[in-house]
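Fold and geometry: a report
Here are the chains, one letter per residue:
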Amino acid sequence: ADYTVNMRSAAKLLLAFAAQWQDLEHLMPQEGDNVIIDSALDPSEPNYSNVKPTLYRERHAWCPYSQRSWLALEHLNVPYDTIRIDNTGPGRKPPYFSGQTPQMRWPEGRIQGESMDLVREVNERFGGNLYPSADVTETADQFRKIFPSKSRPSSRAAFLFGWSGEPLW
């Protein structure tokens with residue numbers, strides 16, 4: 001009986017601090033906001049925007065390639081719609097989708113895949129700064145050439161530092 005009273009008190013206390021609907025209502029998507037469709041729950045073909053791109057991404061956010069494409073859109077504040085695709089097994093994808101995630105359906109109807117290609121296209125279309133300048137890329141390429149191919153990361157220090165611990169270059 002003592003346990004029941006404590007549980008009721010805890011439940012009342014929890015409810016006292018729980019957000020009320022009026023506190024959360026403004027967080028709901030508004031008309032004109034980005035559309036998010038979970039294709040496992042709604043397999044019907046969506047009405048695609050002719051203004052915004054549509055990102056087909058993995059449903060559970062486990063796919064790093066889908067995440068890469070999503071982050072590029074978010075970083076550049078690009079308005080876009082999302083269709084979540086279930087990649088967990090055969091027969092679970094909606095009939096209007098084929099291939100792998102991520103994919104982008106551009107407003108003109110073209111479908112594109114491969115996450116780095118998507119990031120590059122997002123960067124070009126929406127004026128981003130997702131790639132380093134040419135001099136940074138050149139420096140990184142020169143740095144990579146210092147190491148013998150297939151060397152282990154732990155053995156690379158021998159190519160960067162002398163016996164005294166001072167950098168070699």
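So, here is what we can say about the structure in this document. (Residues numbered from 1 in each chain as written. Predicted model: local features only at pLDDT ≥ 70, side-chain atom pairs only at ≥ 80, totals over all residues. Heavy atoms only, no water.)

**Regarding the overall build of the chain**
Along the chain, the regular secondary structure elements total six helices and five strands. Along the chain, from the amino end to the carboxyl end, the secondary structure elements read α-α-β-β-α-β-β-β-α-α-α. In the chain, which comprises 169 residues, the share counted as buried stands at 26%. Partitioning the contacts of the chain with sequence separation of at least 6, the portion at a separation of at least 24 is 57%. Within the structure as shown, the chain displays about 12300 Å² of accessible surface, and the carbon and sulfur contribution to it stands at 56%. (Helix = DSSP H or I, 4+ residues; strand = E, 2+ residues; numbered from the N terminus. Buried < 20%, exposed > 50% of the residue type's maximum accessible area, 1.4 Å probe, protein only. Contact = heavy atoms within 4.5 Å. Areas by Shrake-Rupley, 256 points an atom, 1.4 Å probe, with all protein chains shown as cover.)

**Remarks on the packing of helix α3 (residues 64-75) against helix α4 (residues 115-125)**
Each pair of packed helices gets described by two things: the angle between the helix axes and the distance between those axes. For the pair α3 and α4, the least separation of the axes is 9 Å and the interaxial angle reads 5 degrees. Overall, the two elements α3 and α4 adopt an arrangement that is roughly parallel. Of the residues in α4, those in contact with Y65, R68, S69, A72 and L73 of α3 are S115, M116, L118, V119 and V122. (Axes fitted to C-alpha atoms, helices over the stretch in contact; angles between N-to-C directions. Parallel < 35°, antiparallel > 145°, perpendicular 65-115°, else oblique.)

**Examining the pairing of strand β3 (residues 81-85)**
Most of β3 sits inside the fold, with four of its five residues counted as buried. Of the pairings in the sheet, the one linking strand β1 (residues 36-38) to β3 comprises three bridges and is parallel in character. Its bridge partner being in β3, I37 is matched across the sheet by I83. Sheet topology places strand β2 (residues 54-58) next to β3; five bridges connect them, and they run parallel. By the bridge assignment for β3, R57 is matched with R84. Taken together, β2, α3 and β3 form a β-α-β motif whose crossover is right-handed. (Pairing = 2+ DSSP bridges. Right-handed = clockwise from strand over helix to strand, strands pointing away.)

**Digging into the packing of aromatic side chains**
Across all of its chains, the model carries one aromatic pair by this definition. The interplanar angle of 45 degrees and the centroid separation of 5.0 Å between the aromatic rings of Y56 and F97 together place this pair among those described as tilted. Here the residue Y56 occupies a position in strand β2, and F97 occupies one in the loop between β3 and β4 (103-105), the gap between them amounting to 41 residues. Judged by relative accessible area, Y56 falls into the buried class, the value being 3%. Here the basic side chain of R125 rests over the ring of W106, its NZ or CZ set 4.1 Å away from the ring centre. (Phe/Tyr/Trp six-rings, centres within 6.5 Å; stacked < 30°, edge-to-face > 60°. Lys NZ or Arg CZ within 6 Å of the ring centre and 35° of its normal.)

**What to know about the environment of N123**
Position of N123 among the secondary structure elements: in helix α4. C-alpha of N123 to C-alpha of L76: the two residues are 47 residues apart in sequence and 8.0 Å apart in space. Every residue in contact with N123, bar those within four places of it in the chain, is listed here: L76, G128, N129, L130 and Y131. One polar contact links the side chain of N123 to the main-chain amide nitrogen of N129, over a distance of 3.2 Å. (Polar contact = N/O pair within 3.5 Å; in protein donor to acceptor, adjacent residues only side chain to side chain.)

**Regarding the nonpolar core**
L55, A72, L73, L76, V78, Y80, M104, W106, L118, V119 and V122 together form the largest nonpolar core, which totals 11 residues. Residue assignment for this core shows that the elements contributing at least two residues are α3 and α4. Sorting elements by how many residues they give to this core places α4 first, with three residues. Listed in part, the six residues of the second largest apolar core include I37, I85, Y96 and F97. (Core = buried A, V, L, I, M, F, W, Y, C linked by side-chain atoms within 4.5 Å.)

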